[in-house]
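# Descriptive analysis of the structure
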Amino acid sequence: MAGCGAPHSDGWGMNKVRGPLSAAVRVILGAIFIYAALVKIADPVAFAGSVAAYQILPYFGNYLVAAVLPFLELSCGLLLVCGYRVRGGALIIAGMNLVFMAALASAIVRGLEIDCGCFKQGGPKTSPWIALARDTVFLAMALFVLRGEAKKDRLATTKKPS
Amino acid sequence: MWRKNWLGIIAEICLIVFISAAAGIAWNRTLLAGAWRGEPTSQAQAAAPKGEELPMPIGLQQVKELHDSKQALLVDARSAAHFARGHISGATSLPLEEARKQPALPFKVKVPADATIIVYCNGFSCHDSMELGKLLMQAGFETVYSFEGGFPEWRDAGHPIATGGV
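So, here's what we can say about the structure. Because the structure is a prediction, the values reported are computed rather than measured. Residue numbers run consecutively from 1 along every chain, following the written order of its sequence. Think of it this way: whatever chain is written first is A, whatever ligand is written first is 1, and the rest follow in order. In keeping with the predicted nature of the model, local features appear solely for residues at pLDDT of at least 70, side-chain atom pairs appear and are counted solely at 80 or more, and the whole-chain, interface and lining totals rest on all residues. Values reported for side chains reflect all heavy atoms of the structure, with hydrogen atoms and water molecules removed beforehand.

What follows is about the interface of chain B and chain A. We call two residues in contact whenever any of their non-hydrogen atoms come within 4.5 Å of each other. Listed by partner, the interface residues are 28 residues for chain B and 30 residues for chain A. In total, chain B and chain A occlude about 2,600 Å² of area from one another, counting both sides; carbon and sulfur atoms represent 76% of this. Among the residues of chain B in contact with chain A, E12, I16 and F124 of chain B are the three that bury the most area, contributing 19% of the side total. One salt bridge connects E12 of chain B with R85 of chain A, and the closest N-O pair in it is separated by 3.1 Å. Any pair of N or O atoms that falls within 3.5 Å is considered a polar contact. Within protein, one atom must be able to donate a hydrogen and the other to accept it, and sequence-neighbouring residues count only if both atoms are side-chain atoms. Run the count over chain B and chain A and you get four residue pairs in polar contact (both at pLDDT 80 or more). Reported buried area values correspond to the accessible surface (1.4 Å probe) lost by two parts on association, with both partners' losses combined. Take a side-chain nitrogen of Lys or Arg and a carboxyl oxygen of Asp or Glu: if they are within 4 Å of each other, that pair is a salt bridge.

Let us look at unusual backbone geometry. Phi is positive for Q55 of chain A, close to 55°, though the residue is something other than glycine. Accessibility expressed as a relative area gives 40% for Q55 of chain A, which makes it partly exposed. Non-glycine residue K70 of chain B carries a positive phi angle of around 55°. If you trace the backbone, K70 of chain B turns up in the loop between α4 (60–68) and β2 (72–76). Only protein chains enter the accessibility calculation, which uses a 1.4 Å probe; a residue is then buried when its area is under 20% of its type maximum, exposed when over 50%, and partly exposed in between. The numbering of helices and of strands both runs from the N terminus, where a helix is a DSSP run of H or I of at least 4 residues and a strand a run of E of at least 2.

All right, on to the state of the cysteines then. Residue and element names in this part refer to chain A. Sulfur atoms of two cysteines make up a disulfide when they are within 2.5 Å. Inspection of every chain in the model, using the stated rule, returns one disulfide over all chains. Covalently, C116 is tied to C118 through a disulfide, its sulfur atoms 1.8 Å apart. Using a relative accessible area of 18% as the deciding quantity, one classes C118 as buried.

A few words now on the layout of surface pockets. A probe as big as a water molecule, rolled over the atoms, marks out the empty space that is left. A volume near 790 Å³ is recorded for the largest pocket. The definitions used throughout rest on a 1 Å grid laid over the protein atoms alone, on which a cavity is an enclosed set of points accommodating a 1.4 Å probe that cannot get out and a pocket is an open set flanked by protein within 12 Å on both sides along at least five of seven lines; lining residues are those having an atom within 4 Å of a point. For the largest pocket, the lining is made up of 35 residues, of which Q55 of chain A together with F124, G149, P152 and E153 of chain B are closest to its centre. Grid points are joined across faces, edges and corners, and a volume is the space filled by probe spheres set on the points.

Set out below in structure tokens:
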């Protein structure tokens, strides 16, 4: 709460740029996740196969993840695009990305030659390295959105008393 | 105030996760019920338009049992070169490319139509086994399974493999 009482006049210039930029990042990230969710929902069996290829979960676990994960991606993506409950959505997306990155890293360490299964199932393989880099970008985007939200909040709380 | 804020966010996250999980489970209930019972999933069959039958997915455990008891014929959908480098012991090679040219005819002469057939290729990212399975079903074979983990899963589990020979 250190910044609460500080005057914000000097920060305005940045906020003018940050606001729209943060909103744009939010909508883009949301749209990416909605797309990723829809292609998986369309083919849950194939996605279960992609999950199983990581050889992390037991048999049923693969199917459970294949059933639930796309819907979680879909809800978070929708929340981000609509700008409703952004913080919850962005935090979950950041969390999911951490899990994806851990899974990809473990696949790389174990030398598994698998498709990342991130978007469309089947087709040409996406190397785990590329997927890892991509997830890093998504994670950064989610953190950027979260920071934008925190800033908006701080502004709102400092503005209220006046 | 911070604490209250965090509690609110945690509640929000739990709610989002819960609703999504409920939606996901409800949406895929048939698939999940099948997977829970350890049955080969029938989702693919239900989703396919009538008239086009798809081979049923089968897991490593069941493949091993059918392999050991010699109740099923394992069919390798990969190229002959791949087959020679390593295949599930006792498997028969029927590359998808060849089967496409000559729809499983020479194969059919040797194998009765009521035999249990398990097709496999190079794992989950490989769809040749599914395609070959479809061809075999069109050719009149009734019980065709697709082992999605394929040769990599079998080999990594330490089950018997063989090299060379077609």
